[in-house]
Each structure stands twice: as structure tokens, then as C-alpha cells.
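Structure assessment
Here are the chains, one letter per residue:
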Amino acid sequence: MSRVRVHNFAVSIDGFATGEGQSLEAPFGHAGERLHEWFIQTRTFRRMQGARGGSTGVDDAVAGTTEAGIGAEIMGRHKFGPQRGPWEDHTWQGWWGDNPPFHTPVFVLTHHPRPSIEMAGGTTFHFLDATPQEALRQAREAADGLDVRIGGGPTTVRAFLEADLIDHLHVAVVPILLGRGVRLWDGLEGLEERFAIESVSTPSGVTHLTFTRP
């Protein structure tokens, strides 16, 4: 059976995976880009943007594992956009422009489903009001034997961890304090008992934690 994976999921040292006050101008709230600066600087990220250059080393090596073997993605509604409640703007197609970086079917979890959106480059957004188990069933069917990536945000990743559905979890612990926002780890006591865990620190100050199901 295909695996369920999380990659490049950044948290602050006080456990927040996004800041407070998400808006169209601030996708990560008051955190800005501080959680993701390590990733933005890598060659992997620049290649995903169609650019050259970028840093190499451990950060890039870890970041580069996110795409291989992925056949579908599941994300929460707040990763897709800043709107809450019923959809008031059906012209919104995500933060990523006409050619999003996923290039697979993407299942967006929301209590307010809407028609699917087919984008350039092989990305199609599907909107589901579903449990993690049902969303994963549909994503696995669409992935056609490849792995399924859980793309975030923290509420969605936590829900899949609570349901014990994740096989591989990569968390990048970034040396900043956010103080407020949405935390990843709340309610997940004893999570470490399910996984083999490895840790590596890099010159950027980031500590990469990898949780892999034995």
C-alpha cells in the first residue's frame, strides 16, 4: 500500500506551525516567511519556481525528498486560501498562480465543498467535506499506487497524526519563537512511541526531525 508522507513541515521552537492573523497579504499571519526561510534559500525550492541557483547541503538534501513518488496531496482549506465559511469568491484558485507546484490531484478539506478546479501542469483541486480516513481513501485511489502527501496546515497534519495515518513525518524545527498561532503538537502525547526518530542539525540553525513508521 502507498505511504502517507509529510515533508518540510516547519515549526517554531515553541511548536507553532503558522502565525496568528492569516490574510490575503499574510498567508502565515504574523510569522511571515520566517518559518520557511531555510527552504526558500535551497536549490530545491528555486527549481520548483523554475529558477536556478540556491543553497545545497543538508537543508537542500532534506527538502529535495518532498516530490519523489507522490501521486496526490491532501491539504486543509487554510493552506489553499484565507477565506472562511461559505465560499464568497469562486474566482480564488489558491496562492500559487495558474501552474501550482503540485502537478497531481490535490484534495482540499473543507466544510464547504465547491466544484473541482483543473489547473495547468496536472494539478486539479478537489474540495471534500470528509474525515481523514475518507479523504485518504480518495487520495490513494487518485494516486494510482504512488504515495500521498499531507501538505498542511498544522490542523490537518495533527488530524492525520491523531488518526494514526501518517507513515513518514519530516518536521523542520526553526530557531524562532512565535508565541501565538496554531500549534502542531497539542494533544499528541506519546507520538514518539509510534515511530523511529532521527535528528540532524544544519548550519542554518534548523533541526530536521524525521519520524518513520518501523
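Throughout what follows, the structure given in this document is the object of discussion. The numbers attached to residues start from 1 for each chain and follow its sequence in the written order. Only residues with pLDDT of at least 70 are given local features in this predicted model, and only at 80 or more are side-chain atom pairs given and counted; all residues enter the totals for whole chains, interfaces and linings. Note: side-chain values were computed over all heavy atoms of the structure, leaving out hydrogens and water.

Considering the overall build of the protein chain
- Secondary structure follows DSSP: runs of H or I at least 4 residues long count as helices, runs of E at least 2 residues long count as strands, and numbering of each begins at the N terminus. The secondary structure content of the protein chain amounts to 6 helices and 11 strands.
- Taken over the C-alpha trace, the protein chain has a radius of gyration of 16 Å; the compact-globule value for 214 residues is 17 Å, and the two agree within 12%.
- Structurally, the protein chain occupies a C-alpha span of about 45 × 35 × 35 Å along its principal axes.
- Using a 1.4 Å probe, accessible areas were evaluated by the Shrake-Rupley method; residue-level cover was limited to the displayed protein chains. Counting only carbon and sulfur atoms, one obtains 52% of the accessible surface of the protein chain, whose full area is about 10400 Å².
- Side chains of the protein chain carry 19 positive and 26 negative charges; the gap between the two charge centres is 3 Å. Here the radius of gyration uses the C-alpha set of atoms, whereas the globule reference equals 2.2 Å times the residue count to the power 0.38. In this count, Lys and Arg are taken as positive residues and Asp and Glu as negative ones, while His and the chain termini are left out. By convention, charge coordinates are those of NZ in Lys, CZ in Arg, CG in Asp, or CD in Glu.

Details of unusual backbone geometry
- For the peptide bond that leads from G152 to G153, omega is 0°, which places it in the cis range.
- In this fold, G153 is placed in the loop between strand 7 (147–152) and helix 6 (154–162).
- Even without being glycine, N8 reaches a positive phi, approximately 55°.
- Within the element layout of this structure, N8 appears in strand 1 (residues 4–12).
- Categorising residues by exposure relies on relative accessible area from a 1.4 Å probe, with only protein chains included: less than 20% of the type maximum marks a residue as buried, more than 50% marks it as exposed, and the intermediate range marks it as partly exposed. Taking the relative accessible area as the measure of exposure, N8 reaches 12% and is therefore buried.
- Positive phi, normally seen in glycine, also occurs at H103, with a value near 60°.
- Tracing the chain through its elements places H103 in the loop between helix 4 (77–80) and strand 4 (105–109).

A look at the packing of aromatic side chains
- Only Phe, Tyr and Trp rings are paired, with Trp represented by its six-membered ring, and only when their centres lie within 6.5 Å; those with planes under 30 degrees apart are stacked, over 60 edge-to-face, the remainder tilted. For the coordinates displayed, the defined rule picks out 13 aromatic pairs.
- Residues W38 and F39 carry aromatic rings whose centres are separated by 5.6 Å and whose planes lie at 55° to one another, so their mutual orientation is tilted. Residues W38 and F39 agree in their burial class; the two are buried.
- Ring geometry for F195 versus F211: centroids 5.9 Å apart, planes at 85°, classification edge-to-face. On the criterion of sequence distance, the pair formed by F195 in the loop between strand 9 (182–183) and strand 10 (196–201) and F211 in strand 11 (residues 207–212) is long-range, its members being 16 residues apart. Exposure class is identical for F195 and F211. Each is buried.

A word on the pairing of strand 3 (residues 70–76)
- In terms of residue burial, strand 3 counts as a mostly covered element, since 7 of its 7 residues are buried.
- At least two bridges found by DSSP between two strands are what make those strands a pair. Here strand 3 runs beside strand 7; their pairing, made up of 5 bridges, is parallel. Note that in strand 7 the partner of E73 across the bridge is R149.
- Direction of pairing for strand 3 relative to strand 4: parallel, over a ladder of 4 bridges. Paired with M75 across the two strands is V108, which belongs to strand 4.

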